[in-house]
Amino acid sequence: MKLTRRSDSKQRLMIAAVVLVISAAGIQADDGTAFFEREIRPILVKRCESCHSAARSKTRGGLALDSAEGWKKGGEHGPAIVPGDVSASLIIKAISYGDDEFQMPPEENGGKLPPGEIARLTEWVRRGAPDPRTQAVARRGGLTENEIRQWWAFQPLAVAAFKSPANSLSNVIDQLIDSRLGSTGLAAAGAADRRTLVRRATYDLTGLPPSENEVAVFLADKSAGAFDKLVERLLASPRYGERWGRHWLDVVRYADTAGENTDHPIADAWRYRNWVIGAFNENMPYDRFVREQLAGDLLHRQDSGEAFARGLVATGFLAISRRFDHDSDKHMHLTHEDAIDTMGKAFLGLSIACARCHDHKYDPISASDYYALYGILESSRFSFPGCEAKQKPRDMVPLQRPEEWSRTVEPWEKAMARTNEELMTIDKELAEAAKGLSAIPAGSLQAISSGSVPEGGGQNLAVEKTRKVKVRRGELLVLTIDPAGNYGADTTAIQWKIRESGSGRSWDLTTDVIGDFLSANPRACADNEASWVFLDARRDSLALLPDQARSLSGNGSLQAWRKGENPAVFVNTSDKPVKVWTTLAARSLFVHPAQDGPVAIGWASAVEGEVEISGRVADAHNGGTSGVNWRLTHVAADLRPILANLRALAGKRQAVARRRDELLARTPPREQAYAVIDAEKPVDTKMHLRGDPEKPGDAVPRRWLDLFGGERVPAGAGSGRLQLARWLSDPKNPLVSRVIVNRVWQYHFGKGLVGTPNDFGTRGQKPTHPELLDTLAAWFVASGWDLKALHQAIMGSLAYQRSSDLADTAAFARNTEADPTNSMLWRFDRRRLSAEELRDSLLSASGGLDYTPAGPHPLPDPAGWSYTQHVPFAGVPETPQRSVYQMTLRNRRAPFLALFDGADPNATTPLRQVTTVPTQSLYFMNDASFHAQAEALARRVVAEHVTVDKVARLYAILFQREATDGEKDRAEGFIKKYEAMLAGPDVGISQAERSQAAWAAFCRVLMSSNEFLYLD
């Protein structure tokens, strides 16, 4: 910020006078210590240390003035003081306002110092800047060493590790919770009823309601271990991984798009999603789960087959980091920040990315820590999803090792090589035969007509005078399209008809060729004598367009003859317009000139006499600044021998090309992952001063966080991701186990023992039950990081199986007043279904839920991608599969998930918020898809013959319980009134239709009720 200069000659004289007084006063009779303590320290404390203090973790510009070491080291501009040299000391220049851009303190902090204080600081520097403050208080980021030792999250686990998971952790959980309840005088709720428990546990572990049969089986099992068997069965279900995988995908901000301004789709992101689901289902130990996501490619580099592929896919955790701006390659520092931020919060509960611009203000994370980790990521190669500036994805990682791929592809490559050799031989023969076209005598070329089509315009083909041309058999009429101005390779629509005078025979270019466009070039017409020829007219000669394209921009309706990419003649064979780079009319023919020359279409005559020419040339892709030129010429030479030879060779080429197409259709698929692998050369990143990559500082060696020892990446170890993976999952690290057991507890109880699951630092909440948290963490590590065993222990506790209510209303009132948030866990908190649970439950109730695991999304061919900031990728249609498999857009969340508080895929979501807004009610009233689910559910029960039976069926499906007699009576009354409302001679609805409508309306009532939406 530029500040107004306020010094003048009078002020400078005043400062000089004060300096003389200070010097003459003999104050420096001591060694400088007394002078510093009396005159200088008060100024620094009062005026400077609020912004420049390492002890307070406030070092604006990197400069600390609370120790001699601080000003000697200096900040971004170098040492602040050169002892004895006033003119060379930046601090004097700044406080004297000697530079319009470098004035301290700034106006917002009090402005320029009084002349007396400037004079004292000037004299201090002149004397050599004596400073007895040998060292500021040692800090790491925002904490002193003593504060680090005192903060609960950084201390070792407070209990001895369990020797095996056989210890009764469920009992320990209850003892620790009940002990706290007893000390606070809170009454504990009793056990929930069995129907509530089966519904609670099933939703908890699978995200779906229990079926009627599952409820019946559990209620019938009166054994002591019935609930344990229920939990075991649910944990073995593939639905478990889908439910708990979704929790993890929230934390790692999973999305199927990149998040930059065009929100490019990521074709292979789904593999990471499915890897997460599979890891939960197979109960992968959590420490391995951590390591795989950071360095799966390195952990499995010696493996083959499925193990190698899964290791690559796991690094999708890093690869799905957000991309930024128009050209995301230029903003990879922000992608690395996103990865570091997510990694720190997900695994450690620390906001490491806060140290990107400066040392963390509140936690023991320094900017050096940040750039030590940054170097590890910068030494890795991230798959590139594409962006507005560079549409095509790149750097995807093959899922087969090179040697495995070679064995798979070698036979195919040999066959393809033989076929390509045949094509090359035929192409040489074609080129030789086509020389006859180029050798036509100049006198044989006769101009017929020409014209210019303006940008966006069109022009009829016109033949001068009589519009008739005399032709002989084997002669050629040629329509040539020239690029004009900046027209280059663009789309021009062609219509061309030729009619023989007298006989009535005619030839229509589009009609003749569009039915089997790629059959041959030259292409015989229906009479098998005349033919159409598609030509490269560059370099003042004519040559056949030899290459076929059976699909343009991923659309099989668009077929082309071309040379390379352009020049080209192509058709839209569809009965409907096709929208690609422009909208191409149905059943039409087009040409693309090349940037360096024209394209042509020839008609080889089969008649002796006169022909009439008609047609049109039109710009089919408006948007440039210049149009196209065209010309018609007559080649008055008998080309039948040349064309016959060309036709024979073209047929031969066509047969070989078909063989090549068949081979291409059988190309061995080389699947790939959106992943991260090591770069060729690891680097130690230079610090970005104030977070700006354009202002590099000193290089920082790649290493672990100083908080946990700061171990460096060994020489020759590549990027360091493998070491990072091991450091993160080290059981001695007290955060990694605390963070994950807190997450598991939170997803079971609705809130964690630590209420800020992504922040275990000093700005986060302290645990409500610290001993319980450490007990769970220690037990978890001792169990072999067994998540399913942790579920069983937590769900086996009385605390988990408590009711959400107290029978004693007076006790409930006392508890609510003393502990309104239920932090002491005296009851089980009621919760609303998550967005995914609600959608899946609606589909399940209607019978429309598809339980098939999903694979890739049906994306357009990347060859045709042209997404922009104004026309970004918009997603693909939903399917009836589970919500976890639906496409997740970063920049445009699905309306249903947004309405019911789904996760934000732009940032880690540790805890879903729960809102209650009017639009949620409007959804149940008006949404067409909700009405469709209600109608489908009604059809499930409408076959019942007795009204009360239908009601019982509905309550069993939706609420997993029996309907009471009162509910049956009210339902019957509702149905009768609704049917009566629809009756009447003017309505025109049959009794069956009235019954269906009434039951659909009743289904909507139940499906929008609190009992359906909430879980006790």
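All residue numbers refer to position in the chain's written sequence, counted from 1. Restriction of local features to residues with pLDDT of at least 70 applies here, the model being predicted, together with a cutoff of 80 or more for giving and counting side-chain atom pairs; totals for whole chains, interfaces and linings are based on all residues. To get the side-chain values, all heavy atoms of the structure are used, and hydrogens and water are removed first.

Undergrad: Looking at this structure, how should I read the packing of helix α8 (residues 194-206) against helix α11 (residues 238-251)?
TA: Packed helices, taken two at a time, are described by their axes: the angle between them and the distance between them. Running from N to C, α8 and α11 cross one another at 70 degrees; their axes reach a closest spacing of 6 Å. As judged from the angle between their axes, α8 and α11 are roughly perpendicular. On α11, the residues touching Tyr 203, Asp 204, Leu 205 and Thr 206 of α8 are Arg 239, Tyr 240, Arg 243 and Trp 244. Three residue categories are used. Nonpolar comprises Ala, Val, Leu, Ile, Met, Phe, Trp, Tyr, Cys and Pro, charged comprises Asp, Glu, Lys and Arg, and polar comprises the others, including Gly. Of the residues contributing to the contact of α8 with α11, the split by class is four nonpolar, one polar and three charged. Comment: axis = line fitted to C-alpha atoms, over the contacting stretch for helices; angle = value between 0 and 180 degrees taken between N-to-C directions. Strands here mean DSSP runs of E at least two residues long; helices mean DSSP runs of H or I at least four residues long; both are numbered from the N terminus. These descriptions rest on fixed angle ranges, namely under 35 degrees for roughly parallel, over 145 for roughly antiparallel, 65 to 115 for roughly perpendicular, and the rest for oblique. The contact rule is simple, with two residues in contact once any of their heavy atoms fall within 4.5 Å.

Undergrad: Is there a simple way to explain the packing of aromatic side chains in this structure?
TA: By convention here, two paired aromatic rings are described through the distance between centres and the angle between planes. In summary, the pairing rule links any two rings of Phe, Tyr or Trp, Trp by its six-membered ring, whose centres are within 6.5 Å, and it sorts them by plane angle into stacked for under 30 degrees, edge-to-face for over 60 and tilted for everything else. Tallied over the entire structure, the rule returns 46 aromatic pairs. Ring geometry for Trp 151 versus Trp 152: centroids 6.3 Å apart, planes at 45 degrees, classification tilted. With respect to burial, Trp 151 and Trp 152 carry one shared label: buried. Both rings, one in Phe 924 and one in Phe 930, keep their centres 5.1 Å apart while their planes meet at 80 degrees; by these two values the pair is edge-to-face. Judged on exposure class, the residue Phe 924 and its partner Phe 930 are both buried. Each residue in the set Tyr 240, Trp 248, Tyr 272, Trp 275, Phe 280, Tyr 286, Phe 289, Phe 317, Phe 347, Phe 780 and Trp 785 is aromatic and connected to the rest through ring pairs, giving one cluster. Ring-over charges, as used throughout, are those where CZ of Arg or NZ of Lys falls within 6 Å of the ring centre and within 35 degrees of the ring normal. Just above the ring of Tyr 800 sits the side chain of Arg 200; from NZ or CZ to the centre is 5.8 Å. Any residue under 20% of the maximum accessible area for its type is buried, any over 50% is exposed, and the rest in between are partly exposed; the area is computed with a 1.4 Å probe on protein chains only.

Undergrad: Can you help me understand the environment of Ser 797 in this one?
TA: Relative to the elements of secondary structure, Ser 797 occurs in the loop between α24 (787-795) and α25 (809-818). Among the residues examined, Ser 797 registers a relative accessible area of 0% and is labelled buried. Along the primary structure Ser 797 and Ser 170 are separated by 627 residues, whereas in three dimensions their C-alpha atoms are 4.5 Å apart. Beyond its immediate stretch of four places on either side in the chain, Ser 797 contacts Ser 170, Ile 173 and Asp 174. At a separation of 2.6 Å, a polar atom in the side chain of Ser 797 contacts the main-chain carbonyl oxygen of Ile 794. Two N or O atoms form a polar contact when they lie within 3.5 Å of each other; inside protein one atom must be a possible hydrogen donor and the other a possible acceptor, and for residues adjacent in sequence the pair counts only when both atoms belong to side chains. Here Tyr 800 takes part through its backbone nitrogen, which lies 3.2 Å from a polar atom of the side chain of Ser 797.

Undergrad: I would appreciate a short explanation of the environment of Gln 960 in the present structure.
TA: Among the structural elements, Gln 960 can be located in the loop between α30 (947-959) and α31 (965-982). Under the relative-accessibility criterion, Gln 960 is labelled buried at 4%. In this structure, the C-alpha to C-alpha distance between Gln 960 and His 748, residues 212 residues apart in sequence, is 20 Å. When near neighbours in sequence (up to four residues on either side) are disregarded, Gln 960 contacts Arg 195, Arg 199, Pro 209, Pro 210, Val 215 and Tyr 955. Separated by 3.4 Å, the side chain of Gln 960 and the backbone oxygen of Leu 958 make a polar contact.

Undergrad: Would you take a moment to explain unusual backbone geometry for this structure?
TA: Residues other than glycine predominantly adopt negative phi, and peptide bonds predominantly adopt the trans conformation. Cis peptide bonds are those with omega within 30 degrees of zero, and the linkage from Met 104 to Pro 105 qualifies with -10 degrees. If you trace the backbone, Pro 105 turns up in the loop between α4 (90-95) and α5 (115-126). In the segment running from Asn 521 into Pro 522, the intervening peptide bond is cis, with an omega of 5 degrees. If you trace the backbone, Pro 522 turns up in the loop between α19 (509-513) and β13 (523-524). Positioned with a positive phi, Ala 129 is a non-glycine residue whose angle comes to about 55 degrees. With respect to the helices and strands, the residue Ala 129 is situated in the loop between α5 and β3 (139-140). With a phi close to 50 degrees, Arg 253 is a non-glycine residue in the positive phi region. Within the secondary structure, Arg 253 is located in the loop between α11 and α12 (269-281).

Undergrad: I tried to follow the pairing of strand β18 (residues 568-572) on my own but got confused; where do I start?
TA: Here is the key point about a regular strand: its side chains alternate between the two faces of the sheet. Judged by how many residues are buried, β18 sits mostly within the fold: five of five residues are covered. Burial along β18 is two-sided: Ala 568, Phe 570 and Asn 572 facing one way and Val 569 and Val 571 facing the other are all buried. Pairing between strands is defined by DSSP: at least two bridges between them are needed. Pairing of strand β17 (residues 558-562) with β18, which is carried by five bridges, proceeds in the antiparallel orientation. Across the sheet, the residue bridging to Leu 558 is Asn 572, located in β18. Counted along the chain from β17 to the antiparallel partner β18, the turn is five residues long, and its residue Gly 564 has a positive phi close to 70 degrees. With five bridges connecting them, β18 and strand β21 (residues 588-592) associate as antiparallel partners.

Undergrad: Help me understand the packing of helix α7 (residues 169-184) against α24, please; the structure alone is not making it clear to me.
TA: Look at α7 against α24: their axes get within 7 Å of each other, and the N-to-C directions meet at 50 degrees. Judged by the angle between their axes, α7 and α24 are oblique. Read as a crossing pair, α7 and α24 show a hand that is right-handed. Contacts between α7 and α24 involve Leu 169, Ser 170 and Ile 173 from the former and Leu 790, Gln 792, Ala 793 and Ile 794 from the latter. Residues of the contact of α7 with α24, tallied by class, amount to five nonpolar, two polar and no charged. Crossing handedness is read from the near helix: turned anticlockwise from the far helix by less than a right angle, it gives a left-handed crossing, and turned clockwise, a right-handed one.

Undergrad: Please explain the pattern of salt bridges as it appears in this structure.
TA: Should their charged atoms come close, side chains of opposite charge can pair. A pairing counts as a salt bridge when a side-chain nitrogen of Lys or Arg comes within 4 Å of a carboxyl oxygen of Asp or Glu. All told, the structure shown has 63 salt bridges when counted by the stated rule. Note that Arg 239 is salt-bridged to Glu 242, the shortest N-O span being 2.8 Å. Taken as a pair, Arg 239 and Glu 242 lie in helix α11 at a separation of three residues, close to a single helical turn. Note on accessibility: Arg 239 and Glu 242 belong to one class, buried.

Undergrad: What should I look at first to understand the side chain of His 592 in this one?
TA: Among the structural elements, His 592 can be located in strand β21. The buried category is assigned to His 592, whose relative accessible area is 11%. Only 3.4 Å separates the side chain of His 592 from the side chain of Thr 491, close enough to count as a polar contact.

Undergrad: What's the story with the nonpolar core in this structure? I'm lost.
TA: Inside soluble globular proteins, nonpolar side chains tend to come together where they are buried. Here, the term nonpolar core denotes a set of buried Ala, Val, Leu, Ile, Met, Phe, Trp, Tyr and Cys residues that are joined through side-chain atoms within 4.5 Å. If you look at the biggest cluster of nonpolar residues, it comprises 133 residues, and the most contacted ones within it are Trp 248, Tyr 272, Tyr 286, Phe 347 and Trp 745. The greatest single-element share of this core, amounting to nine residues, is contributed by helix α22 (residues 734-749). Excluding residues that lie within four positions of it along the chain, Tyr 286 makes contacts with Trp 248, Ala 346, Phe 347, Val 736, Ile 740, Phe 780, Trp 785 and Leu 787. Core analysis: the second largest hydrophobic core is formed by 39 residues, Trp 507, Ile 514, Trp 532 and Ile 613 among them.

Undergrad: Before we go on, may I ask you to explain helix α26 (residues 835-846) in this structure?
TA: Since the α-helix advances by 3.6 residues per turn, residues separated by three or four positions end up pointing in the same direction. Counted at 1.5 Å a residue, the expected span for α26 with its twelve residues is 16 Å, and the 17 Å between its end C-alpha atoms agrees. Burial analysis of α26 places eleven of its twelve residues in the buried class, which makes it a mostly covered element. Of all the residues in α26, the buried ones are Ala 835, Glu 836, Glu 837, Leu 838, Arg 839, Asp 840, Ser 841, Leu 842, Leu 843, Ala 845 and Ser 846. In the stretch just after α26, Gly 847 is the one whose phi turns positive, near 85 degrees. How far a helix is expected to stretch is found by multiplying one less than its residue total by 1.5 Å.

Undergrad: Would you mind going over the confidence of the model for the protein chain with me for this structure?
TA: The predicted coordinates of low-pLDDT regions are not to be read in fine detail. With 93% of its residues at a pLDDT of 70 or more, the protein chain shows a mean pLDDT of 88. Low pLDDT, under 50, characterises residues 1-7; the predicted model gives this stretch 21 contacts beyond four residues in sequence or across chains. pLDDT expresses how confident the predictor is about each individual residue, on a scale running from 0 to 100.

Undergrad: So what exactly am I meant to see when it comes to the state of the cysteines here?
TA: Two cysteines joined by a covalent bond between their sulfur atoms form a disulfide. When two cysteine sulfur atoms are found within 2.5 Å, that pair is recorded as a disulfide. Counted according to the given criterion, the structure contains zero disulfides. Its sulfur unpaired, Cys 48 is 8.9 Å from the next cysteine sulfur, which belongs to Cys 51. The exposure class of Cys 48 is buried, given its relative accessible area of 12%. In this model Cys 357 remains outside any disulfide bridge; the closest cysteine sulfur is found in Cys 354, 9.6 Å from its own.

Undergrad: When you look at the environment of Leu 219 in this model, what are you seeing that I'm missing?
TA: With respect to the secondary-structure elements, Leu 219 resides in helix α9 (residues 212-220). The exposure class assigned to Leu 219 is partly exposed, which follows from its relative accessible area of 33%. With 25 residues separating them in the primary sequence, Leu 219 and Arg 194 have C-alpha atoms 6.7 Å apart. Look past the residues within four positions of Leu 219 in its chain and what remains in contact with it is Arg 194 and Arg 195.

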